[in-house]
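# Residue-level structural notes
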Amino acid sequence: MVRPSCTIEIFILLNVDIHYPFPPRSPEKFSTRPPRATDMSLYTLPIRPTYPIITCRVSPATAPTVASPPPPPSLLPPATSATAVPSLTCALQCPHFESCSGCTHEFNLHRPVIVDEASNFFKGLGVSDFTFDSCRLWGWRCRAKLAVRGSSENPLIGLYQEGTHNVVDIPQCKAHHPNINAAVELLRKGVRELNIEPYDEDQGTGDLRYVQMAVTTHNTALPAVERYRNGRVQVALVWNSRNEKSSNSDKLNALANFLWRNGGSRSKLHLIHSVWANFQTSTNNIIFGNRWRHLLGERDFWEHVGGIDISLDPSSFGQANTRAFDNLLRKLHKYVPFGASVADLYAGAGVIGLSLAATKKCRSVKCIEINKESKPSFEKTVDRLPKSIEGSISWHNADTSIDPLSWLVGSDVIVIDPPRKGLDTTLIDALRTISSHKVKPSLKGSSSNIKEEKRPWVLRERERAKEASVQVGRETISEDPQSLPETLIYISCGWESFKEDCKSLLNSKSWQLEKAHGFNFFPGTQSIEVLAVFKRSLKKKKTGKKKKKQG
C-alpha cells in the first residue's frame, strides 16, 4: 500500500502540565498567562494550548516494517527544492504572525522564495553552483531590541507594527531564543510590581524606553550539546534619563535588582547573565544613547564563533543568529590563503578579521570600524587569541568612506561586511578603479606612487584614526605597500543593495565573480545573508606578433 508523502497529525492538549528534560522547541507558544514565581523554571512549563498543534511528518513511499520517529524539524537538512520537504514541516506556527512586523512568511522557513531569485541571479553571472545553508529555524534569534510601551499595569514589550509606532506585544515569539522570552516575562513582572512607567513617545515621559536582550551560549562548564539551550541573557535597559543621577534612578536600580534577584546567579532560575543601563533622552528614533553603565552580573560577555572566543559589549554590533554566523565564517575561511594580508572593512569588534588571524595565520590583519565603542571588545578578544599568532593585528577607528584606497593597498584579501544599505559610494568607486592604480616595483624605503594626499580634512582623519588604533604583535612592516588586493569577499545582509554593488563591480571589469553562497540568517523573513567571492581581473599583456618583412 502506498502512503501519501505527507501525514498531518493534529493534537489537542488541554490543562496538561508537561515536564521536559530540556526546553521544547517552542514552549512559550502555549502559555496564556505570565509565569508566577513558582513557575520560573527554564525546563518545567505549564502548557495549556488554546488551539491545535499541527505537525507534518515526511513518510516514505512504502510503509516500513518498523516506523522510526522523525527528527525534530530544526534538525532537518535544507531542502534543494520547494517540494523536497512538505511546507508544514518548516512552518512558523507563531501566534503573533501578521500582527508583528518581524516575520513575513509562515511556511518553508528552510528555503524562502528569495533563494530561487538569488540562484537565478548568480547563474546569470556565470556562477551555477550557488549554495544555501539553513540551520536552526526556531529559537534562532540570540539578540533582540524590543520597544517598551503601554502602561505599568499592562506593559507592551515587542516590535512596532508595520508602518506605525504602535508596539505589538510578542511574549511567545517563535524566532527568539526561548530564554529571551523568559527574560522578557521576568522584566514584564518587574515593571508591574515596581510601577515602572513605559516610555510615552508623544509626551516624552516615562522610564523604560527599550530593552536589548542578548544570549550567550558560551559556558564551558556544560557539555557542548547543552550550551545553546542553557544560554544566559544580558539585559540592557534603555532608560529615559541623562545619567544614573537623574530623579528616576531609584526605579532603575530597583528594576535591575529585581531582575538579578529573580534570575541572577543566586536564583533558582539563573537566567540573567548581567544587567546594563543605557541612558537616552533624545526624541529621534535612535535606540541607544552614548552613556552606558554596568549594573549587575558579569561584565564580560563571551561567545565562540569562527574558531575563537569573542567579547561583545552591549554597545557593540553582534549577529543575531550566532550559529548561522559561525557557519558563514567557516565557509569564508576557505577563500583566504594561509599567511595572507587582510583588510576587514566595516569590522565592528573585528570578529571576522580576528578569526582569520587565528585560523589562517595571516601575515597581517587590519580591522577598520567607525564605531569607537567596538574598541574594548576588540582588545578583550585579542587577549584570548592563541599565543602562537605572530602576525600583525590592528584595529582602526576610521570611516571607510574617507580615502578608502589607503585601506585597500597593501592587502591580499579585502573583506567587506557593510550595513543593509550597501557600500559607500567612495569605497565602491575605489574598488571599481583599483586595477587602474599603477604601482612601482617595491623598493626599500619607497612608498606607493598613489598621488600624495594634501587635503587637510583627509589628513586630519588619518591622524585621528592612527591615534585611536590598536596595534598587536609586529608592526605592519610585513605588508607590501605596493601590492593591490587580488580577492574581495563581500558579506551582505541587504539583497537589493548587494545586487547593485555586484553589478557595479562587474561592469567595471576590475573584478570577476567566482563563488556565491547564501545563509538563512533570518528564518521567517525574505532576507538572506550572502557571501560572494570576487577575484581581481588581471590585465593581460599585449603580445602583438611582429610582421614579417616582405621581399
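Thresholds, definitions, all that
- Residues numbered from 1 in each chain as written.
- Predicted model: local features only at pLDDT ≥ 70, side-chain atom pairs only at ≥ 80, totals over all residues.
- Heavy atoms only, no water.
- Salt bridge = Lys/Arg side-chain N within 4 Å of Asp/Glu carboxyl O.
- Helix = DSSP H or I, 4+ residues; strand = E, 2+ residues; numbered from the N terminus.
- Buried < 20%, exposed > 50% of the residue type's maximum accessible area, 1.4 Å probe, protein only.
- Core = buried A, V, L, I, M, F, W, Y, C linked by side-chain atoms within 4.5 Å.
- Domains from an automatic or database assignment.
- Contact = heavy atoms within 4.5 Å.
- Axes fitted to C-alpha atoms, helices over the stretch in contact; angles between N-to-C directions.
- Parallel < 35°, antiparallel > 145°, perpendicular 65-115°, else oblique.
- Left-handed = near helix turned anticlockwise from the far one by under 90°.
- Nonpolar A, V, L, I, M, F, W, Y, C, P; charged D, E, K, R; others polar.
- Expected span 1.5 Å × (residues − 1).
- UniProt positions renumbered as here; feature names shortened; annotations may be inferred.
- Phe/Tyr/Trp six-rings, centres within 6.5 Å; stacked < 30°, edge-to-face > 60°.
- Lys NZ or Arg CZ within 6 Å of the ring centre and 35° of its normal.
- Pairing = 2+ DSSP bridges.
- pLDDT = per-residue confidence, 0-100.

On inspection of all chains with the given rule, the structure shows 14 salt bridges. Where Asp129 meets Lys515, a salt bridge forms, and the shortest distance between an N and an O atom there is 2.5 Å. Of this pair, Asp129 sits in the loop between α1 (114–124) and β5 (131–133) while Lys515 sits in strand β21 (residues 511–519), placing them 386 residues apart in sequence. A relative accessible area of 27% means that Lys515 is categorised as partly exposed. Linking Arg363 and Asp412 is a salt bridge whose minimum nitrogen-to-oxygen distance equals 3.0 Å. Here Asp412 lies in the loop between α8 (405–408) and β18 (413–416) and Arg363 lies in the loop between α6 (351–359) and β16 (364–369), a separation of 49 residues in the sequence. On the basis of relative accessible area, Arg363 is assigned to the partly exposed category, the value being 26%.

Non-glycine residue Asn108 carries a positive phi angle of around 55°. Looking at the element boundaries, Asn108 is found in the loop between β4 (53–58) and α1. Positive phi is not limited to glycine here, since Lys509 has a value of about 65°. Looking at where Lys509 falls in the secondary structure, it is placed in the loop between α11 (495–507) and β21. Residue class for Lys509 comes out exposed when judged on its relative accessible area of 66%.

Okay, the nonpolar core next. Grouped together as the largest cluster of nonpolar side chains are 82 residues, with contacts concentrated most on Leu187, Leu237 and Leu332. If you count residues domain by domain, this core takes at least three from each of domain 1 (143–304) and domain 2 (321–434 + 459–536). Once residues within four sequence positions are removed from consideration, Leu237 is found in contact with Leu187, Leu208, Tyr210, Val211, Leu252, Leu255, Leu259, Val275, Trp276, Ala277 and Asn278. Counting residues in hydrophobic clusters, the runner-up holds 40 residues, among them Phe130, Leu408, Leu505 and Phe534.

Moving on, we get to the packing of helix α5 (residues 322–333) against α6. Their axes nearest at 11 Å, the elements α5 and α6 cross at an angle of 50°. Classified by the interaxial angle, the pair formed by α5 and α6 is oblique. Seen along the crossing, α5 lies across α6 with a hand that is right-handed. Contact residues: α5 offers Phe325, Leu329, Leu332 and His333, while α6 offers Val351, Ile352, Ser355, Leu356 and Thr359. Considering only residue class, the contact of α5 with α6 consists of six nonpolar, three polar and no charged.

So, about α5. For α5, spanning twelve residues, the distance from its first C-alpha to its last is 17 Å, which sits close to the expected 16 Å at 1.5 Å a residue. With nine of twelve residues buried, α5 lies mostly within the body of the structure. For α5, the complete set of buried residues consists of Thr322, Ala324, Phe325, Asp326, Leu328, Leu329, Lys331, Leu332 and His333.

Within this numbering scheme, the UniProt entry marks Gln319, Tyr346, Glu369 and Asp417 as carrying the feature "binding site: S-adenosyl-L-methionine" (unreviewed entry). Look past the residues within four positions of Gln319 in its chain and what remains in contact with it is Arg143, Phe325, Asp417, Phe521 and Glu529. Counting through the fold element by element, Tyr346 comes out in the loop between β15 (341–345) and α6. According to the relative accessible area criterion, Tyr346 is buried, its value standing at 17%. Among residues more than four places away in sequence, those in contact with Tyr346 are Ile368, Glu369, Thr400, Ile416, Asp417, Pro418, Pro419, Gly422, Leu423, Asp424 and Leu427.

Going through the model one piece at a time under the given rule, you end up with twelve aromatic pairs. Where Tyr490 meets Phe498, the ring centres are 5.1 Å apart and the plane angle is 90°; that geometry is what we call edge-to-face. A relative accessible area of 0% means that Phe498 is categorised as buried. Taken together, a centroid distance of 5.9 Å and an interplanar angle of 25° make the contact between Trp495 and Phe498 stacked. Taken together, the residues span about one helical turn, with Trp495 and Phe498 both in helix α11 at a distance of three residues. Taking the ring centre of Tyr210 as reference, the NZ or CZ of Arg149 above it sits at 5.0 Å.

Across the sheet, which stays open at both edges, the seven strands sit in the order β8-β7-β6-β9-β10-β11-β12 with mixed pairing between neighbours. For this open sheet the edge positions go to β8 (167–169) and β12 (291–297), each flanked by a neighbour on one side alone. The sheet shows a mean angle of 35° between the axes of neighbouring strands, taken without regard to direction. The pairing of strand β6 (residues 143–150) with strand β7 (residues 155–160) spans four bridges and is classified as antiparallel. From the neighbouring strand, Val148 faces β7, where its bridge partner is Ile157. Along the sheet face, helix α2 (residues 178–194) touches β6, β7, β8, β9 (208–216), β10 (232–239) and β11 (272–279) and points at about 145° away from the line of β9. Across the sheet, helix α4 (residues 249–263) is in contact with β9, β10, β11 and β12; its angle to β11 comes to roughly 170°.

Here we come to the confidence of the model for the protein chain. Interpretation of the predicted coordinates at a detailed level should be avoided for regions scoring low in pLDDT. Mean pLDDT over the protein chain works out to 81, with 73% of the residues at or above the 70 mark. Predicted confidence is poor over residues 1–87, with pLDDT under 50, and the contacts of this stretch with residues over four places away or in other chains come to 131 contacts. Confidence over residues 439–450 falls short of pLDDT 50; this stretch has 15 contacts with residues more than four positions distant or in other chains.

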